[in-house]
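# Report on the structure
Here is what each chain is made of, one letter per residue.
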Amino acid sequence: NNGSDAWVVARKFKEGGSKNVTVIHHVKVEKANPLWQEKRKLALAGAVQELTAVQELTQDMLHFHPDLVIDGLFGTGLSRPLNADDAELIGFLNSLEAPCVAIDTPSGLDSNTGEHWGNCVKAELTVTLGLAKPGMLINSGPANCGRIRVASIGFPAELLKEEGRTCFACGIATASRWIPPRPNVSNKGSFGRVVLFAGSSRYRGAGILCAEAALRSGAGYVHLISDERIYPEMLKLPEVIYHSLEDFPLASFGPETAFVVGPGFAVGKKILPVLKSLRAAAYDRVLLDAEALNAMADTREFVVRSNWVVTPHPGELARILRMETATLTGHRLNAVEAAQELMGCTVLLKGFRTIVGEHNRQTIILAGNSALAKAGFGDVLAGMIGTFLAQGLPASRAAILGACLHGNLANHWIKSKRDPASFIPQDMLRALPRVLRKVREKKVYSQKKSR
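Residues numbered from 1 in each chain as written. Predicted model: local features only at pLDDT ≥ 70, side-chain atom pairs only at ≥ 80, totals over all residues. Heavy atoms only, no water.

Counting its regular elements, the protein chain contains 17 helices and 16 strands. By principal-axis analysis of the C-alpha atoms, the protein chain measures approximately 85 × 45 × 45 Å. Within the protein chain, the fraction of its 451 residues that count as buried is 51%. When contacts within the protein chain are restricted to residue pairs at least 6 apart in sequence, those whose partners lie at least 24 apart make up 66%. Per element, the accessible surface of the protein chain, about 21100 Å² overall, is 52% carbon and sulfur. Charged side chains of the protein chain number 53 positive and 42 negative; the gap between the two group centres comes to 7 Å. (Helix = DSSP H or I, 4+ residues; strand = E, 2+ residues; numbered from the N terminus. Buried < 20%, exposed > 50% of the residue type's maximum accessible area, 1.4 Å probe, protein only. Contact = heavy atoms within 4.5 Å. Areas by Shrake-Rupley, 256 points an atom, 1.4 Å probe, with all protein chains shown as cover. Lys, Arg positive; Asp, Glu negative; His and termini not counted. Charge placed at Lys NZ, Arg CZ, Asp CG, Glu CD.)

Per the stated rule, a full pass over the model turns up one cavity of 30 Å³ or more. Approximately 30 Å³ is the volume found for the largest cavity. Every residue lining the largest cavity is listed: Ile 179, Pro 180, Arg 182, Ser 217, Gly 218, Phe 388, Gln 391, Leu 436 and Arg 440. (1 Å grid on protein atoms, 1.4 Å probe; cavity = no way out; pocket = protein on both sides within 12 Å on 5 of 7 lines; lining within 4 Å. Points joined across faces, edges and corners; volume = space filled by probe spheres on them.)

A separate point is a nonpolar patch on the surface. On the surface, Leu 131, Ile 153 and Phe 155 cluster together into a nonpolar patch covering about 280 Å² of accessible area. Checked against the element boundaries, Ile 153 lands in the loop between strand S6 (147-151) and helix H6 (157-163). Its relative accessible area of 48% is what places Ile 153 among the partly exposed residues. (Patch = residues over 30% accessible without salt bridge, like charges linked within 9 Å, V, L, I, M, F, W, Y side chains within 5 Å. Salt bridge = Lys/Arg side-chain N within 4 Å of Asp/Glu carboxyl O.)

Locating Asp 379 in the fold gives a position in helix H15 (residues 377-390). Separated by 191 residues in the primary sequence, Asp 379 and Lys 188 place their C-alpha atoms 23 Å from one another. Discounting residues that sit within four places of it in the chain, Asp 379 has contacts with Ala 206, Leu 209, Cys 210, Pro 263 and Asp 289.

Before going further, it helps to spend a moment on the packing of aromatic side chains. Under the counting rule described, the total for this entry stands at eight aromatic pairs. With a centroid separation of 6.4 Å and 75° between ring planes, the pair formed by Phe 253 and Phe 259 is classed as edge-to-face. Phe 259 carries the same exposure label as Phe 253, and that label is buried. Over the ring of Phe 168 we find Arg 361, and its NZ or CZ is 4.1 Å from the ring centre. Positioned above the aromatic ring of Trp 413, the side-chain terminus of Arg 418 is 4.0 Å from the ring centre. (Phe/Tyr/Trp six-rings, centres within 6.5 Å; stacked < 30°, edge-to-face > 60°. Lys NZ or Arg CZ within 6 Å of the ring centre and 35° of its normal.)

Looking now at the sheet that holds strand S4 (residues 100-103). Spatially, the four strands line up as an open sheet ordered S3-S4-S5-S6, and their pairing is parallel. The two strands at the open ends of the sheet, each matched to only one other strand, are strand S3 (69-71) and S6. Across this sheet, the average inter-strand angle for adjacent strands is 20°, counted without regard to direction. Two strands pair when backbone bridges link them, and S4 and strand S5 (residues 125-129) are joined in this way by three bridges, in the parallel orientation. Residue pairing across strands places Ile 103 opposite Val 127, the latter belonging to S5. Together, S3, S4 and S5 form the strand contacts of helix H1 (residues 5-15), whose direction differs from that of S4 by roughly 130°. (Pairing = 2+ DSSP bridges. Axes fitted to C-alpha atoms, helices over the stretch in contact; angles between N-to-C directions.)

A few words on the side chain of Thr 346. Relative to the helices and strands, Thr 346 resides in strand S14 (residues 346-349). Under the relative-accessibility criterion, Thr 346 is labelled buried at 4%. Setting aside residues up to four positions removed in sequence, Thr 346 forms contacts with Ser 306, Trp 308, Val 309, Val 310, Val 356, Gly 357, Glu 358, Ala 395, Ser 396 and Ala 399.

The two faces of strand S11 (residues 258-261) match: Ala 258 and Val 260 on one face and Phe 259 and Val 261 on the other face are all buried. Examined bridge by bridge, strand S8 (residues 193-197) and S11 share four bridges and lie parallel to one another. Its bridge partner being in S11, Leu 196 is matched across the sheet by Val 260. The pairing of S11 with strand S12 (residues 286-288) spans three bridges and is parallel.

Turning next to unusual backbone geometry. Residue Arg 353 is reached from Phe 352 by a cis peptide bond, and omega for that bond is -10°. Here Arg 353 lies in the loop between S14 and strand S15 (355-358). Unlike most non-glycine residues, Ala 47 shows phi in positive territory, near 75°. Tracing the chain through its elements places Ala 47 in the loop between helix H2 (34-45) and strand S2 (49-52). With phi around 50°, Asn 139 is a residue other than glycine that occupies positive phi space. Positionally, Asn 139 belongs in the loop between S5 and helix H5 (141-145). In this structure Asn 139 comes out as buried when scored by relative accessible area, which is 16%.

For H1, the complete set of buried residues consists of Trp 7, Ala 10 and Arg 11. For H1, the angular spread of buried residues about the axis comes to 95°, placing them on one side. Buried residues along H1 sit in contact with strand S1 (22-25), H2 and S2. In the stretch just after H1, Gly 17 is the one whose phi turns positive, near 110°. (Arc of directions from axis to C-beta.)

What follows is the structure, given as structure tokens:
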């Protein structure tokens, strides 16, 4: 019944001068709750028309051409599969050519997970009440909600702070406040040192992409530890300082150094000793990606510290949590929460939309699109976040800023009227200087104000 709101909307449209307003439903009136019956009575008294869908949604209705559709079937709180009548009615609504506005949440959408309950209304606009719901922003939620407007219904701010779920959304407009400053009175030592354990003879490009991303994002020094056999190829980045894994002088780096371990770093059993050495030396600015995560998942040794960041994609996180990837994808917020509890550090789950979890708080990143679904973009992201860690940002802010900027670069590609399938990591690196400057000057944002 969705709070009987649709009956109220119908009555208000009629009072506002609309000629023909029809409410379609398949509720047994005599069994409906008293509020629904009261709002229905008031609407019908105001000349609103009524059709009971199961009885009257016949072939004749195929010629029904409204100017606007209001979806008030379920809204927030649906926690069961749709029955046949519900699914049929939603299918009918979606077949109409008129624009659709959903009240609170498109009917059929799980407002927590963004998954469908069998069928779902596809709205151009969702007017959600009080607060946005997580499911609107992840998985299928954005495609079904369209534009989102939040309508205040008087929730006291004190109550929201006390009872509200610690789930937030963040776009580049907010994250841009955390971009490290770049004063003229400074030197290379002012902008951090990043050490990358990345690349190998099998994944040569990962080290190159990660290192260039760290340089382009502002690191003062970038060191690369990799397989010596790929060093000739790495000379395309003469700014990078190269080391072999066997001769790497870990003790020579101060506590402010940031480490990125894992992108393409296919060195077998050598990777866990690296993690253990970093943990034993009490380094706090560490990001683990790709091969580092796979090594921990295989051995069940979660070699992390609370200030570290892990950046899995869904497959990697599924192996860590010992669950099916499809199950994880349907419950991404819960998976991030479980991973954060298991490892005790900041967790960044890649995908649409990226989620950052830390200390019972989760942030959905409002940037990114299918252009990022290609090998190599994760290596770029790791280098960017590593640089922000090196410049002193806390783990969660470095992860959120990196993900927002990373996703914004993909959005910029689409806004430039280029096809998402053609975007490659090197395009991102080429665009990074210009977009980073615009973001720093707060001249580019990834979401409209209506979001």
